[in-house]
Every structure is written in C-alpha cells, then in structure tokens.
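Each chain, letter by letter, is given below.
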Amino acid sequence: MSLMLPFALAEPASARSESPEPAPACVTLYESWRYTQAANDCADTLGLMVVYQDGATGPCYTLPPGAFSTVGEGYLGLHGHPDHLAVCAIG
C-alpha cells in the first residue's frame, strides 16, 4: 500500500504569496558573521524581522525608538546574508 499526498502539500509551510513590507529608512541593519542587528531611529516603536537572501524570515522583534538589538543570526547561519529588514505585526 502506498501513501499518496496531494501536490499542494509539497509546498513549504512558510511559503507566502507576498513579501513583507520593507522597514522604513530610519531603521538601520548591521550584519556580522554571527549576528544581524537593527537600530530603530524612528519616532515610533516598530516590529522588525530579518528577510534573508534565500527568502526565509526571522521572528518578529519589538524595537522602541532609539533601540539597538540583535534581531537574527549572522551570515554564517542557515540562511546566509540578510537581504533587508521588514515590518511585522507586534502585539
């Protein structure tokens, strides 16, 4: 007996139909071999996540105005170099 799964299940669970909105220009990304960090120089608290060059996204981090924090793994991690930071829902 063989088990046949529908073709739709072969798609990765994290696949999305559209890309997350890029972070505003007042947010700065810093990259090293070990960490990806972000600085929020905006007037508002933001939810930020890393979007990697392979399309993977990291978890959402809340950064208040003036905050500097580690938001993802560095370029030696599973997903390689970050592509950009994106806005995500906080809360």
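Everything numeric in this text was worked out from a predicted model, so none of it was measured.

A. The sheet that holds strand S3 (residues 46–52), seen in detail. On the basis of which strands lie adjacent, the open sheet formed by 3 strands has the order S4-S3-S6 and antiparallel pairing. With partners counted over all chains shown, the strands left at the sheet margins are strand S4 (61–63) and strand S6 (82–87), one partner each. For this sheet the average axis-to-axis angle between neighbouring strands, irrespective of direction, equals 40 degrees. Alignment of S3 against S6, held across 5 bridges, turns out to be antiparallel. Counted as the bridge partner of Tyr52 is Pro82 from S6.

B. Region of the structure containing the state of the cysteines. This model, assessed by the stated rule, comprises 2 disulfides. Here Cys26 is linked by a disulfide to Cys42, with a sulfur-sulfur distance of 1.8 Å. Negative torsions about the S-S bond denote left-handed disulfides, and the value of about 90 degrees found for Cys26 with Cys42 makes this one right-handed. Placement of the pair is Cys26 in the segment before strand S1 (27–31) and Cys42 in the loop between strand S2 (35–40) and S3, with a sequence separation of 16 residues. The disulfide partner of Cys60 is Cys88, and the S-S distance across this bridge is 2.0 Å. Its torsion about the S-S bond being 90 degrees, the disulfide of Cys60 and Cys88 is classed as right-handed.

C. Seen up close, the nonpolar core. With 13 residues, the main nonpolar core has Val27, Ala38, Leu48, Leu63, Val71 and Leu85 as its most contacted residues. Here the element with the most residues in this core is S3; it accounts for 4 residues. The residues contacting Val27, other than those within four sequence positions of it, are Ala39, Asn40, Cys42, Leu46, Leu48 and Leu85.

D. Molecular detail of the environment of Gly66. Its location among the elements puts Gly66 in the loop between S4 and strand S5 (68–73). For Gly66, a relative accessible area of 61% gives the class exposed. Taking the C-alpha atoms as reference points, Gly66 and Ala43, separated by 23 residues in sequence, lie 8.2 Å from one another.

Rules and cut-offs
Residues numbered from 1 in each chain as written. Predicted model: local features only at pLDDT ≥ 70, side-chain atom pairs only at ≥ 80, totals over all residues. Heavy atoms only, no water. Pairing = 2+ DSSP bridges. Helix = DSSP H or I, 4+ residues; strand = E, 2+ residues; numbered from the N terminus. Axes fitted to C-alpha atoms, helices over the stretch in contact; angles between N-to-C directions. Disulfide = S-S within 2.5 Å. Core = buried A, V, L, I, M, F, W, Y, C linked by side-chain atoms within 4.5 Å. Buried < 20%, exposed > 50% of the residue type's maximum accessible area, 1.4 Å probe, protein only. Contact = heavy atoms within 4.5 Å.

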